[in-house]
Amino acid sequence: MRPPTKLTERALVLAVTAFLAWIPPLVGVFSLDGFVFGLPVLFVYFFVGWAVFIALCAWITRKLRQSAQQPEDI
């Protein structure tokens with residue numbers, strides 16, 4: 001069974017976005033001297049972004065798995 005095209009496209013967009021979020025020009029924007037809850041802004045950017053991407057990846061994977069287990073409509 002083929003996965004739904006919409007979910008496959010979302011997975012691709014997520015991978016590209018994750019790649020672009022951590023390349024130097026954008027990371028440089030968050031390389032500030034400030035702190036958020038006592039942590040440097042850059043660390044917060046990396047770890048919050050990482051958590052968001054993992055959560056989105058888990059959600060897409062769950063949806064893909066559910067669609068693979070559903071019988072096809074004939």
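See the structure shown above.
Residues numbered from 1 in each chain as written. Predicted model: local features only at pLDDT ≥ 70, side-chain atom pairs only at ≥ 80, totals over all residues. Heavy atoms only, no water.

Here the focus is the overall build of the chain. When you go through the chain residue by residue, the secondary structure sums to three helices and two strands. When the helices and strands of the chain are listed from N to C terminus, the series reads α-α-β-β-α. Taking the principal axes of its C-alpha atoms as reference, the chain extends roughly 60 × 25 × 10 Å. Within the chain, the proportion of its 74 residues that are buried is 15%. For the chain, the share of sequence-separated contacts (at least 6 apart) that also reach a separation of at least 24 residues comes to 62%. Accessible area for the chain stands at about 6100 Å²; split by element, carbon and sulfur atoms hold 71% of it. Side-chain charges in the chain split into 6 positive and 4 negative, and the spacing between the mean points of these groups amounts to 6 Å. (Helix = DSSP H or I, 4+ residues; strand = E, 2+ residues; numbered from the N terminus. Buried < 20%, exposed > 50% of the residue type's maximum accessible area, 1.4 Å probe, protein only. Contact = heavy atoms within 4.5 Å. Areas by Shrake-Rupley, 256 points an atom, 1.4 Å probe, with all protein chains shown as cover. Lys, Arg positive; Asp, Glu negative; His and termini not counted. Charge placed at Lys NZ, Arg CZ, Asp CG, Glu CD.)

With their axes 10 Å apart at the nearest point, helix H1 (residues 5-21) and helix H3 (residues 41-69) run at an angle of 165 degrees to one another. When the axis of H1 is compared with that of H3, the two are roughly antiparallel. Note that H1 runs across H3; the crossing there is left-handed. Of the residues in H3, those touching H1 at Leu7, Arg10, Ala11, Leu14, Thr17, Ala18 and Ala21 are Tyr45, Phe53, Leu56, Cys57, Trp59, Ile60, Lys63, Leu64 and Ser67. Of the residues that constitute the contact of H1 with H3, the class distribution is twelve nonpolar, two polar and two charged. (Axes fitted to C-alpha atoms, helices over the stretch in contact; angles between N-to-C directions. Parallel < 35°, antiparallel > 145°, perpendicular 65-115°, else oblique. Left-handed = near helix turned anticlockwise from the far one by under 90°. Nonpolar A, V, L, I, M, F, W, Y, C, P; charged D, E, K, R; others polar.)

The next point concerns H3. Across its 29 residues, H3 extends 42 Å between first and last C-alpha, which sits within 8% of the 42 Å expected from 1.5 Å per residue. Buried within H3 we find Val41, Tyr45, Gly49, Phe53, Ile60 and Ser67. In the core, the buried residues of H3 are packed alongside H1, helix H2 (24-29), strand E1 (35-36) and strand E2 (39-40). (Expected span 1.5 Å × (residues − 1).)

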